Amino acid sequence: QLRLVESGGGLVHTGGSLRLSCTVSGHPLDNENIGWFRQAPGTERTGVACSSYDGNTYYTDSAKGRFSIARDNAKNTVYLQLNSLKSEDTAVYYCAGDAAGAIQNWCTTGRMGVWGQGTRVSVDS
């Protein structure tokens, strides 16, 4: 069965960078749609950036221009590069898989079948 494990979170100053990793096991990554989502304290979980099995990417407004998603199918890993971090980027970041349909739909709705445990990103202003 599909399993996702996030890593790479931590504490960073405003303007800093982090690279998050999502390691996929159980299914070949090149068959999977994978998304990154985040949940700040007291808010709902929202989409950040997504990568489809056929090479498409989608970024929500919160990510455009600062974040970048990439996958390495050989390493079964999907990365989320976070640049120019702001205090409002503080959240638990989750990767998720097992989605179907148009990338914009599952990336914005979060209709994913399998979720990782999350990795915490804290941006100190």
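Residues numbered from 1 in each chain as written. Predicted model: local features only at pLDDT ≥ 70, side-chain atom pairs only at ≥ 80, totals over all residues. Heavy atoms only, no water.

Turning our attention to the pattern of salt bridges. On inspection of all chains with the given rule, the structure shows three salt bridges. The closest approach of N and O atoms between Asp 89 and Arg 38, which form a salt bridge, is 2.9 Å. Linking Asp 89 in the loop between β8 (77–82) and β9 (91–97) with Arg 38 in strand β4 (residues 34–39), this pair joins segments that are 51 residues apart in sequence. Under the relative-accessibility criterion, Asp 89 is labelled buried at 1%. With a closest N to O distance of 3.3 Å, Lys 64 and Asp 61 form a salt bridge. One continuous salt-bridge network, built from bridges that share partners, spans Arg 38, Arg 66 and Asp 89. (Salt bridge = Lys/Arg side-chain N within 4 Å of Asp/Glu carboxyl O. Helix = DSSP H or I, 4+ residues; strand = E, 2+ residues; numbered from the N terminus. Buried < 20%, exposed > 50% of the residue type's maximum accessible area, 1.4 Å probe, protein only.)

For the rest of this paragraph, the subject is the state of the cysteines. All told, the structure shown has two disulfides when counted by the stated rule. Here Cys 50 pairs with Cys 107 through a disulfide, and the sulfurs are 2.1 Å apart. Across the disulfide from Cys 50 to Cys 107, rotation about the S-S bond amounts to roughly 90°, and the bridge is consequently right-handed. Here Cys 50, found in strand β5 (residues 46–51), pairs with Cys 107, found in helix α1 (residues 103–109); they are 57 residues apart in sequence, far enough to count as distant. (Disulfide = S-S within 2.5 Å.)

A word on the pairing of strand β1 (residues 3–7). Here β1 shows a clear split, with Leu 4 and Glu 6 buried on one side and none of Arg 3, Val 5 and Ser 7 buried on the other. Judged from the five bridges that link them, β1 and strand β3 (residues 18–25) form a sheet pairing that is antiparallel. Residue pairing across strands places Leu 4 opposite Val 24, the latter belonging to β3. (Pairing = 2+ DSSP bridges.)

As summarised here, the arrangement of the four strands in space is β1-β3-β8-β7, forming an open sheet in which the pairing is antiparallel. A strand with exactly one partner marks an edge of an open sheet, and here the two such strands are β1 and β7 (67–72). On average, adjacent strands in this sheet sit at an angle of 20° to one another, irrespective of strand direction. (Axes fitted to C-alpha atoms, helices over the stretch in contact; angles between N-to-C directions.)

The full count for this structure, using the stated rule, is two aromatic pairs. Consider the rings of Phe 37 and Trp 115, whose centres lie 4.9 Å apart with planes at 55°: the pair is tilted. With a gap of 78 residues between them, Phe 37 in strand β4 and Trp 115 in strand β10 (residues 114–115) connect regions that are remote in the sequence. For Trp 115, a relative accessible area of 25% puts it in the partly exposed group. In this arrangement the basic side chain of Arg 19 is found over the ring face of Tyr 79, its NZ or CZ atom lying 4.1 Å from the centre. (Phe/Tyr/Trp six-rings, centres within 6.5 Å; stacked < 30°, edge-to-face > 60°. Lys NZ or Arg CZ within 6 Å of the ring centre and 35° of its normal.)

Right, let's get into the environment of Pro 41. With respect to the element layout, Pro 41 can be found in the loop between β4 and β5. Judged by relative accessible area, Pro 41 falls into the exposed class, the value being 67%. Separated by 14 residues in sequence, Pro 41 and His 27 place their C-alpha atoms 32 Å apart.

Okay, the nonpolar core next. As a rule of thumb, soluble globular proteins bury nonpolar side chains together. Trp 36, Leu 80, Leu 82 and Tyr 93 are the most contacted members of the largest nonpolar core, which totals 26 residues. Elements that contribute at least two residues to this core include exactly β3, β4, β5, β7, β8, β9 and β11 (119–124). Residue contacts for Leu 80: discarding those within four places in its chain leaves Leu 18, Arg 19, Leu 20, Trp 36, Val 48, Ala 49, Phe 67, Ser 68, Ile 69 and Tyr 93. Counting eight residues, the second largest nonpolar core, distinct from the first, contains Cys 50, Ile 103, Trp 106 and Met 112. (Core = buried A, V, L, I, M, F, W, Y, C linked by side-chain atoms within 4.5 Å. Contact = heavy atoms within 4.5 Å.)

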